[in-house]
Amino acid sequence: MVRLKLAGCPDMARLLLIGALLAPVAAAADVAAALKSTCEGVAKKYDVSCSVALYGRSGGTTLDATASAGFIDGGLGLGTKTVPASDDDVYVYGSITKMFTASAIYQLAERGALGLDDSLAYHVDAMLPGTATLATAVLVNDTARAGTITLRHALHMKSGISDYDGEKYAYEQFANRSRDFSPLDILLGGFVNGSLEFTPGEYQDYSSTNYILLGLVAARYDAPDVKDPYAAWKAFDQAAAAKGTLSNAR
């Protein structure tokens, strides 16, 4: 079994990288060289840092190898690049957590704690501080349509809520590299566009904000006795939604 650890690479790059790595190889040295070449290509093409590891055996050959490229203190046209990426850098999971979040929501639905066609606002509003609501704090000013968004819409990215992960958020990340942005920091920080991009359910458009909101919903039921939404999120263990070896990944 070959295991891949990918970090800092856009989704399309991951697909290309997996295809390259699973091609026949002659020796472990070839694997290491392929990793390095691919990682350098990703870092150059997308102006990001890249760290990749391959573990396993194929045809009696040990394929354990690591590689890195790019810089960890600048990229995407932002910041000054001074610290090169290294093989043992630690990266956040990023969009990989979406599969854990979706699993947590589906498990809650199986238990009957919620329904996939429930109002997203009903669940999210309980996790927002003060008088904030999905329609106000998340800057979706179209209150009437915001009330029609369901959990199912968010799971399939059909809510119409815009993505927070744009230039403004990227700038803030590079300007505050040691800051751990919580979901509420993101939702209340003015990173989400203040209107729906389309009528909920009309079509699908990639937006990570959907999964930030779903994560809050999962946290609400994971720690129902915790009234402070910041504390509830901090206590939420996303890995618990995964089965087998994935639940032990760190």
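Residues numbered from 1 in each chain as written. Predicted model: local features only at pLDDT ≥ 70, side-chain atom pairs only at ≥ 80, totals over all residues. Heavy atoms only, no water.

1. Some words on the state of the cysteines
Going through the model one piece at a time under the given rule, you end up with one disulfide. Sulfur-sulfur distance for the disulfide between Cys 39 and Cys 50 comes to 2.5 Å. Between Cys 39 and Cys 50, the S-S torsion sits near -115°, and that sign places the bridge as left-handed. Placement of the pair is Cys 39 in helix 2 (residues 28–46) and Cys 50 in strand 2 (residues 50–55), with a sequence separation of eleven residues. The class of Cys 39 is buried, set by a relative accessible area of 0%. Judged by relative accessible area, which is 0%, Cys 50 ranks as buried. (Disulfide = S-S within 2.5 Å. Helix = DSSP H or I, 4+ residues; strand = E, 2+ residues; numbered from the N terminus. Buried < 20%, exposed > 50% of the residue type's maximum accessible area, 1.4 Å probe, protein only.)

2. A closer look at the packing of aromatic side chains
Going through the model one piece at a time under the given rule, you end up with five aromatic pairs. With a centroid separation of 5.3 Å and 75° between ring planes, the pair formed by Tyr 169 and Phe 181 is classed as edge-to-face. Of this pair, Tyr 169 sits in helix 7 (residues 167–175) while Phe 181 sits in the loop between helix 7 and helix 8 (183–187), and the two are twelve residues apart along the sequence. Residue Tyr 169 is classed as buried on the basis of its relative accessible area, which comes to 7%. We classify Phe 181 as buried; its relative accessible area is 11%. In textbook terms, an aromatic cluster arises when at least three aromatic residues are bridged by ring pairs, as seen for Tyr 164, Tyr 169, Phe 181 and Phe 191. Residue placement shows Lys 168 over the ring face of Phe 191; its charged tip is 5.6 Å from the ring centre. Its end group placed over the ring of Tyr 122, Arg 220 keeps NZ or CZ at 5.6 Å from the ring centre. (Phe/Tyr/Trp six-rings, centres within 6.5 Å; stacked < 30°, edge-to-face > 60°. Lys NZ or Arg CZ within 6 Å of the ring centre and 35° of its normal.)

3. Some words on helix 7
Among the residues of helix 7, Tyr 169, Ala 170 and Phe 174 are the ones counted as buried. An end-on view of helix 7 places all buried positions within 135° of arc, on one side of the element. Buried-residue contacts for helix 7 involve helix 8. (Arc of directions from axis to C-beta. Contact = heavy atoms within 4.5 Å.)

4. Description of the pairing of strand 2
The buried fraction of strand 2 amounts to five of the six residues, a majority that puts the element mostly inside the structure. Pairing analysis gives five bridges linking strand 2 to strand 5 (residues 65–69), with the strands arranged antiparallel. Note on strand 5: the bridge partner recorded for Val 52 is Ala 67. (Pairing = 2+ DSSP bridges.)

5. A short note on the environment of Lys 44
Mapped onto the elements of the fold, Lys 44 is located in helix 2. You can call Lys 44 exposed: its relative accessible area is 76%. Through-space distance from the C-alpha of Lys 44 to that of Ala 69 is 8.5 Å; in sequence the pair is 25 residues apart.

6. Examining the confidence of the model for the protein
For the protein, per-residue confidence averages 80 on the pLDDT scale, and 82% of positions sit at 70 or higher. Across the protein, helix 6 (residues 151–155) holds the top mean pLDDT of 97, while strand 1 (residues 3–7) sits lowest at 41. (pLDDT = per-residue confidence, 0-100.)

7. A short note on the pattern of salt bridges
Under the criterion given, the structure shown has three salt bridges. The partner of Lys 81 in a salt bridge is Asp 47, and the shortest N-O contact between them spans 2.6 Å. Separated by 34 residues along the polypeptide, Lys 81 in the loop between strand 5 and helix 3 (98–111) and Asp 47 in the loop between helix 2 and strand 2 bring together distant segments of the chain. The exposure class of Lys 81 is partly exposed, given its relative accessible area of 40%. For Asp 117, the salt bridge goes to Arg 152, with nearest N and O atoms at 2.9 Å. (Salt bridge = Lys/Arg side-chain N within 4 Å of Asp/Glu carboxyl O.)

8. As for unusual backbone geometry
A negative phi angle is the norm for most residues apart from glycine, just as the trans form is the norm for most peptide bonds. You will see that Asp 47, though not glycine, has its phi angle at about 55°, which is positive. For Asp 47, a relative accessible area of 22% corresponds to the partly exposed category. Positive phi, normally seen in glycine, also occurs at Met 157, with a value near 55°. Relative to the helices and strands, Met 157 resides in the loop between helix 6 and helix 7. Note on Met 157: relative accessible area 9%, which makes it buried.

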